[in-house]
Amino acid sequence: MIISNKKFESGTHIMAIINLTPDSFFDQSRATDSDILSRVEYALNNGAEIIDIGAQSTRPGHTPVSEDEEIKRLGNNISLIKSKFPNALISIDTYYAKVAEYALNEDADLINDIWGLQYDNGEMAKVIAKHNAACCLMHNCHFDEYSALIEDIKAFLRKSIEIALSAGIDPNKICLDGGIGFAKNYDENWELLNNYDKLNVLGYPLLLGTSRKRMFLGEPKDRLVPTLESTRLACEKNILFVRVHDIKENKEVIDRYNEVNNRN
């Protein structure tokens with residue numbers, strides 16, 4: 001996958017979660033205008049290769065905010081990050097085309113869309129294509145009843161891919177996310193995780209997002225160990241990206257896996 005001028009071909013790489021929100025489920029992911037640069041610096045120094053910034057919580061039971069509120073929360077943080085860390089790759093977690101337009105004009109590199117371009121009749125796809133940006137397309141839906149979980153996810157993502165290609169998005173700039181924790185119950189989340197590599201048939205690199213999610217039970221603060229186990233699984237399944245809160249710890253898992261398996 002190509003993000004700006006960087007090509008990701010193999011191995012497992014870290015996307016770091018930083019939220020400009022007051023209500024994201026893991027409070028240690030929340031940043032403010034005053035500390036976001038130090039948070040980005042820490043992430044980059046400890047192995048993150050992409051910084052994923054969210055301006056709206058999408059946790060279960062969240063209260064949606066408007067596109068204008070997302071833009072207000074983003075403020076000038078993208079340009080500030082790029083000014084201090086010009087080589088940093090910045091992803092924006094949004095399903096609003098207006099927010100994507102704003103972020104890409106501020107020099108963001110990737111749009112991480114939890115509705116896989118299917119929220120707004122293709123407007124998001126047009127914005128991404130216009131800016132020749134990269135995108136991550138996630139499975140989501142308004143219900144959690146499936147005839148066959150993996151096949152239903154594949155069908156949704158095939159539609160997302162079709163929307164992307166029809167809009168002119170570069171196929172080398174697309175990755176897919178099965179959407180663990182979104183419109184899926186406990187058993188379905190585990191079924192998806194254990195069969196995640198079956199999404200490879202779609203022909204695009206994958207991103208896995210399990211970090212501290214409720215499928216691991218207990219409180220968010222107690223879910224690091226199973227998160228790290230899922231990152232090791234991502235390495236085994238050749239998943240290109242993991243989206244995580246705990247950068248240093250997850251990078252250590254990836255490095256250990258690569259060392260044991262003689263992967264560079």
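Look above for the structure.
Our subject in this report is the structure included herewith. (Residues numbered from 1 in each chain as written. Predicted model: local features only at pLDDT ≥ 70, side-chain atom pairs only at ≥ 80, totals over all residues. Heavy atoms only, no water.)

Describing the pairing of strand 8 (residues 174–177)
Phase 1 of the analysis: Neither face of strand 8 is left uncovered, since the one carrying Ile174 and Leu176 and the one carrying Cys175 and Asp177 both have all their residues buried.
Phase 2 of the analysis: Sheet analysis places strand 7 (residues 134–138) next to strand 8, joined by four bridges and oriented parallel. Residue pairing across strands places leucine 137 opposite leucine 176, the latter belonging to strand 8. (Buried < 20%, exposed > 50% of the residue type's maximum accessible area, 1.4 Å probe, protein only. Helix = DSSP H or I, 4+ residues; strand = E, 2+ residues; numbered from the N terminus. Pairing = 2+ DSSP bridges.)

Focus: the packing of aromatic side chains
Phase 1 of the analysis: Throughout the structure, instances matching the rule amount to six aromatic pairs.
Phase 2 of the analysis: Measuring from ring centre to ring centre gives 5.1 Å for phenylalanine 8 and phenylalanine 241, while their planes differ by 70°; the resulting arrangement is edge-to-face. Linking phenylalanine 8 in the loop between strand 2 (6–7) and strand 3 (13–19) with phenylalanine 241 in strand 10 (residues 241–244), this pair joins segments that are 233 residues apart in sequence. Summarising the burial analysis for this pair, phenylalanine 8 and phenylalanine 241 share the class buried.
Phase 3 of the analysis: Aromatic ring contacts, followed pair by pair, group Tyr95, Tyr96 and Tyr119 into a single cluster. (Phe/Tyr/Trp six-rings, centres within 6.5 Å; stacked < 30°, edge-to-face > 60°.)

Regarding the nonpolar core
Phase 1 of the analysis: Ranked by size, the top nonpolar core spans 73 residues in total, and within it Ile53, Ile92, Ile169 and Leu176 carry the most contacts.
Phase 2 of the analysis: Of all the elements, helix 6 (residues 149–167) adds the most residues to this core, at seven residues.
Phase 3 of the analysis: Apart from the residues lying within four places of it in its own chain, the contact partners of leucine 176 are Cys136, Leu137, Leu157, Ile161, Leu202, Tyr204, Pro205, Leu206 and Leu207.
Phase 4 of the analysis: By size, the runner-up hydrophobic cluster in this structure holds 13 residues, among which are Met1, Phe8, Ile50 and Leu89. (Core = buried A, V, L, I, M, F, W, Y, C linked by side-chain atoms within 4.5 Å. Contact = heavy atoms within 4.5 Å.)

Here's the deal with the packing of helix 2 (residues 67–74) against helix 4 (residues 97–105)
Phase 1 of the analysis: Direction vectors running N to C along helix 2 and helix 4 enclose 25°, while the axes themselves pass 8 Å from each other. For the element pair helix 2 / helix 4, the angle class is roughly parallel. Here helix 2 and helix 4 pass one another in a crossing that is right-handed. Each of Glu67, Asp68, Glu70, Ile71 and Leu74 in helix 2 lies in contact with helix 4, whose residues at this interface are Lys98, Val99 and Tyr102.
Phase 2 of the analysis: Classifying every residue of the contact of helix 2 with helix 4 by side-chain character gives four nonpolar, no polar and four charged. (Axes fitted to C-alpha atoms, helices over the stretch in contact; angles between N-to-C directions. Parallel < 35°, antiparallel > 145°, perpendicular 65-115°, else oblique. Left-handed = near helix turned anticlockwise from the far one by under 90°. Nonpolar A, V, L, I, M, F, W, Y, C, P; charged D, E, K, R; others polar.)

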